[in-house]
Amino acid sequence: MSEKNHNVSRRQFLTYTLTGVGGFMAAGMLLPMARFAIDPVLQVGAEGDFIAVAEVDELTEEPQRFDFSFEQEDGWYTSETTNTAWIYQEGDEIVALSPICTHLGCTVNWEGSDDYPEHFYCPCHFGLFEKDGTNVPGRPPTEPLHRYELEVRDGTVYLGRPEPQI
Ligand code: FES
């Protein structure tokens, strides 16, 4: 009776080894690309997140600064992020504006300059915005301050993402 030959030739060994290593390397490259491609699908919940920022009772016609914190996930890393909104109420309308200057991203302040009462002022390049966030012509910013998505539930103001006004 003949004994089966279980020896692997050098050629077969190299073929199996290279196929295995090649497959492993290909998977290492393709999996991150696949995850990147479907990442928005995996984060469906994040886009609709609104954060409680203020009580309607404490709002006035004058914009007030509200700071709020939330956990931000970036891949595997979670960090505590703090944002700011300038919020005011005029009649039935509640407005929440981003403090980020639309010129180069400095922070604007309500009545930040004694020379410009009733305006948002950016000290970096003298940017000026009306109360509703409209940029004053002739100044560096060329678009209005971004406005937060906003919901009111049970007397509490919830903010989503700041969106461009134009
Ligand atoms: S960054 Fe605000 S005016 Fe330039």
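Looking at an unreviewed UniProt entry, the protein carries the name Ubiquinol-cytochrome c reductase iron-sulfur subunit, with the source organism given as Thalassorhabdus alkalitolerans.

Caption draft 1: Fine view of the overall build of the protein. Helices and strands together make up the secondary structure of the protein, namely 2 helices and 9 strands. When the helices and strands of the protein are listed from N to C terminus, the series reads α-α-β-β-β-β-β-β-β-β-β. Relative to its 166 residues, the protein shows a buried fraction of 16%. The long-range share in the protein, meaning contacts at least 24 apart out of those at least 6 apart in sequence, stands at 39%.

Caption draft 2: Geometry of unusual backbone geometry. Positive phi values are uncommon outside glycine, yet Phe 126 reaches one of about 65°. For Phe 126, the location among the structural elements is in the loop between β6 (120-122) and β7 (127-129). Within the chain, Asp 154 stands out as a residue other than glycine whose phi angle is a positive 50°. Tracing the sequence through the fold places Asp 154 in the loop between β8 (147-153) and β9 (156-163). Residue classification places Asp 154 among the exposed residues on the basis of 7 C-beta atoms within 10 Å.

Caption draft 3: The arrangement of the nonpolar core in detail. Grouped together as the largest cluster of nonpolar side chains are 18 residues, with contacts concentrated most on Ala 85, Ile 87, Ala 96, Val 108 and Leu 159. The residues contacting Ala 85, other than those within four sequence positions of it, are Val 53, Phe 66, Ala 96, Leu 97, Ser 98, Tyr 148 and Leu 159.

Caption draft 4: View of the pairing of β8. Both β8 and β9 contribute to a ladder of 6 bridges, which runs antiparallel. Across the sheet, the residue bridging to Leu 150 is Leu 159, located in β9. The turn linking β8 back onto β9 is made up of 2 residues, and Asp 154 within it adopts a positive phi angle of 50°.

Caption draft 5: Geometry of the pairing of strand β4 (residues 93-97). Where strand β3 (residues 77-90) meets β4, 5 bridges bridge the pair, whose relative direction is antiparallel. By the bridge assignment for β4, Gln 89 is matched with Ile 94. Linking β3 back to β4 in an antiparallel pair, the connection comprises 2 residues, with Gly 91 at a positive phi of about 65°.

Reading guide: rules and limits
- Residues numbered from 1 in each chain as written.
- Predicted model: local features only at pLDDT ≥ 70, side-chain atom pairs only at ≥ 80, totals over all residues.
- Helix = DSSP H or I, 4+ residues; strand = E, 2+ residues; numbered from the N terminus.
- Buried ≥ 20, exposed ≤ 12 C-beta atoms within 10 Å, placed from the backbone.
- Contact = placed C-beta atoms within 7 Å.
- Core = buried A, V, L, I, M, F, W, Y, C linked by C-beta atoms within 7 Å.
- Pairing = 2+ DSSP bridges.

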